[in-house]
Amino acid sequence: MKRALLVGCNYTGTQYALNGCINDIMATNEIIRSHYGFTDNAQIRMLTDASCTTQNILDRLHWLVDGLVPG
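Residues numbered from 1 in each chain as written. Predicted model: local features only at pLDDT ≥ 70, side-chain atom pairs only at ≥ 80, totals over all residues. Heavy atoms only, no water.

Asks: Describe the overall build of the protein, listing the residues and the values that go with them.
Replies: Across its full length, the protein holds 2 helices and 2 strands. Helices and strands in the protein line up, N terminus first, as β-α-β-α. Its C-alpha atoms give the protein principal-axis dimensions of roughly 45 × 30 × 20 Å. Partitioning the contacts of the protein with sequence separation of at least 6, the portion at a separation of at least 24 is 51%. (Helix = DSSP H or I, 4+ residues; strand = E, 2+ residues; numbered from the N terminus. Contact = heavy atoms within 4.5 Å.)

Below you can see the structure in the form of structure tokens.
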């Protein structure tokens, strides 16, 4: 099964604020759906801004590799 983890954090309201990170993962989501055969929402996890915590990222990384087998 294909899986994708997309993380975009703009750090809004901090001295490290960025622009466009969320737009980037939204665009990437569209690209992988239209060109790489991702058709099910269950195949893609997206984390943005407040949900970009260390624990959430680690949890999603575990989800990403859970059940992998060689080949």
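More follows now that the structure is in view.
Asks: Just give me the short version of helix α2 (residues 54-65), but keep the residues and values in it.
Replies: Because the α-helix completes a turn every 3.6 residues, residues three or four places apart line up on one side. Look at α2: 17 Å from first C-alpha to last across 12 residues, which is about the 16 Å you get at 1.5 Å a residue. Gly67, located one to two residues past α2, shows a positive phi value of around 85°. (Expected span 1.5 Å × (residues − 1).)

Asks: Tell me about the state of the cysteines, residues and numbers included.
Replies: Considering all chains together, one arrives at 0 disulfides under this definition. Cysteine Cys21 is unpaired, with the sulfur of Cys9 as its nearest cysteine sulfur at 7.3 Å. You can see Cys52 has no disulfide; the closest cysteine sulfur is in Cys9, sitting 4.3 Å from it. (Disulfide = S-S within 2.5 Å.)

Honestly, that's just the spatial picture; any functional story needs more than this.
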